[in-house]
Amino acid sequence: MVVGFIDGRREEFGVGPICEVLPIVPSAYYAAKSRAPSARARRGAALIPRLVALWRANCSVYGARKLW
């Protein structure tokens, strides 16, 4: 989450100044960027197309609790 925020603004402000404002050191940011996605993140990414299909099949009215 923080990595995505920094990625979205790094061209404008740079990594160092953003990390000074946020409670994160630049080395933690770069370590998170080089790390492979966790098993949970990979599983979540694999489920997204199925959840979208289920949501659309039910007239796009199902909420998060119903899809869970």
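The structure displayed is predicted, hence computed values, not measured ones. (Residues numbered from 1 in each chain as written. Predicted model: local features only at pLDDT ≥ 70, side-chain atom pairs only at ≥ 80, totals over all residues. Heavy atoms only, no water.)

S.K.: Could you give an account of the overall build of the chain, with specific residues and numbers?
M.R.: Secondary structure summary: the chain contains five helices and zero strands in total. Going from N to C terminus, the chain has its helices and strands arranged as α-α-α-α-α. Its C-alpha atoms give the chain a radius of gyration of 17 Å, more than 25% over the compact-globule value 11 Å for 68 residues. Principal-axis analysis of the C-alpha atoms places the extent of the chain at approximately 45 × 25 × 20 Å. Looking at the chain as a whole, 10% of its 68 residues qualify as buried. (Helix = DSSP H or I, 4+ residues; strand = E, 2+ residues; numbered from the N terminus. Rg over C-alpha atoms; globule rule 2.2 N^0.38 Å. Buried < 20%, exposed > 50% of the residue type's maximum accessible area, 1.4 Å probe, protein only.)

S.K.: I'd like to hear about the layout of surface pockets, residue by residue, with values.
M.R.: The space that makes up the largest pocket amounts to roughly 150 Å³. Around the largest pocket sit R40, G44, L47, L51, A64, L67 and W68, which together line it. Contributing elements (two or more residues each) for the lining of the largest pocket: α4 (39–57) and α5 (64–67). Across the lining of the largest pocket, the residue classes tally to five nonpolar, one polar and one charged. (1 Å grid on protein atoms, 1.4 Å probe; cavity = no way out; pocket = protein on both sides within 12 Å on 5 of 7 lines; lining within 4 Å. Points joined across faces, edges and corners; volume = space filled by probe spheres on them. Nonpolar A, V, L, I, M, F, W, Y, C, P; charged D, E, K, R; others polar.)

S.K.: Describe α4, naming the residues involved and giving the relevant values.
M.R.: Counted at 1.5 Å a residue, the expected span for α4 with its 19 residues is 27 Å, and the 28 Å between its end C-alpha atoms agrees. At I48, α4 shows its maximal kink, close to 35 degrees; a proline, P49, follows between one and four residues later. Immediately downstream of α4, the backbone of C59 shows phi near 60 degrees, a positive value. (Expected span 1.5 Å × (residues − 1). Bend = angle between axes of the 7 residues up to and from the residue.)

S.K.: I'd like a rundown of the packing of aromatic side chains, residues and numbers included.
M.R.: One pass over the full model with this rule turns up one aromatic pair. Taken together, a centroid distance of 4.9 Å and an interplanar angle of 70 degrees make the contact between Y29 and Y30 edge-to-face. (Phe/Tyr/Trp six-rings, centres within 6.5 Å; stacked < 30°, edge-to-face > 60°.)

S.K.: I'd love a proper account of unusual backbone geometry, names of residues and values included.
M.R.: Of note in this structure, C59 is not a glycine but carries a positive phi near 60 degrees. In this structure, C59 sits in the loop between α4 and α5. Of note in this structure, S60 is not a glycine but carries a positive phi near 60 degrees. Here S60 lies in the loop between α4 and α5.

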